[in-house]
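# Survey of secondary and tertiary structure
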Amino acid sequence: MTFKRLSEYFSKLEETTLRNKMVEILAELFREADAKEIGKLCYLLQGRVVPMYEPIEFGIADKMMIRAIAQALGIETREAVAQFKKAGDLGTAAEKVKSQKSKVKNTSQKLTITDVYDVLYKVATASGSGSQEIKVKLLADLITTVDPLSAKYIVRMTLDKLRLGFSDMTILDSLSFMITGTKELRPTIEKAYNVRPDLGYISERVKE
């Protein structure tokens, strides 16, 4: 699955506050994903690259992201700041500027979920001297490459501001819904989750 396709699902999720509708959207997404990518997809839905119990965070502040956006879109930092103030959200600002900039419009829309996940994993695990510069460059290169909608959600995700309004339990409901069209398997899946609270691992096993 392309990351662009995942971003379209993010957009659908953002547009609803109804939990049952979210379950249906997520179940549809899980049906479309294959067994090799559903685990990574579930981490990204949580705004992470690893299970919640692993202490790995993106560690991206607004100032770093503004630099990455400016670098990616060929604009001055002050313009990125102005767009941020206008939009009130860096993801929306990145999407808007990228849509307007003709020289960055013709971008690859073929990047898969795994392609993007691998870059984001490098962002999250970069550490030590010079790690901030590495994170900024990785993000800038990624924002340059993806389409405007994907840029919006990559920015939000790495800033820990994805906030699509659902919990881990909603994802467990959706995994059941993917298989049966109901939530009847939720207790069984939740039992496994209580033993190993790792949505990536659980979703892969359920999908298989």
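Everything here concerns the structure above.
Residues numbered from 1 in each chain as written. Predicted model: local features only at pLDDT ≥ 70, side-chain atom pairs only at ≥ 80, totals over all residues. Heavy atoms only, no water.

## Looking at the layout of surface pockets
- There is about 380 Å³ of room inside the largest pocket.
- Lining the largest pocket are 25 residues; nearest its centre among them are Leu45, Gln46, Gly47, Arg48 and Asp160.
- Counted by class, the lining of the largest pocket contains 13 nonpolar, six polar and six charged residues. (1 Å grid on protein atoms, 1.4 Å probe; cavity = no way out; pocket = protein on both sides within 12 Å on 5 of 7 lines; lining within 4 Å. Points joined across faces, edges and corners; volume = space filled by probe spheres on them. Nonpolar A, V, L, I, M, F, W, Y, C, P; charged D, E, K, R; others polar.)

## Side note on the nonpolar core
- If you look at the biggest cluster of nonpolar residues, it comprises 69 residues, and the most contacted ones within it are Phe30, Leu45, Met65 and Leu120.
- In terms of residues, this core owes the most to one element, helix 4 (residues 62-73), which gives eight residues.
- When residues no more than four places from it in sequence are discounted, the contact partners of Leu45 are Phe10, Leu13, Leu26, Leu29, Phe30, Leu162, Phe166 and Ile171. (Core = buried A, V, L, I, M, F, W, Y, C linked by side-chain atoms within 4.5 Å. Buried < 20%, exposed > 50% of the residue type's maximum accessible area, 1.4 Å probe, protein only. Helix = DSSP H or I, 4+ residues; strand = E, 2+ residues; numbered from the N terminus. Contact = heavy atoms within 4.5 Å.)

## Focus: the pattern of salt bridges
- Scanning all chains against the criterion turns up 18 salt bridges.
- For Arg156, the salt bridge identified is with Glu14, shortest N-O distance 2.9 Å. With Arg156 in helix 9 (residues 148-158) and Glu14 in helix 1 (residues 3-14), this residue pair connects regions lying 142 residues apart in the sequence.
- Since its relative accessible area comes to 9%, Arg156 is described here as buried.
- Arg186 serves as the salt-bridge partner of Asp173, at 2.9 Å between the closest nitrogen and oxygen. Note that Asp173 is positioned in helix 10 (residues 168-180) and Arg186 in helix 11 (residues 186-195), a separation of 13 residues in sequence.
- Asp173 sits in the buried class, given a relative accessible area of 2%.
- One salt-bridge network, in which partners are shared between bridges, spans Glu14, Asp89, Glu95, Lys152 and Arg156. (Salt bridge = Lys/Arg side-chain N within 4 Å of Asp/Glu carboxyl O.)

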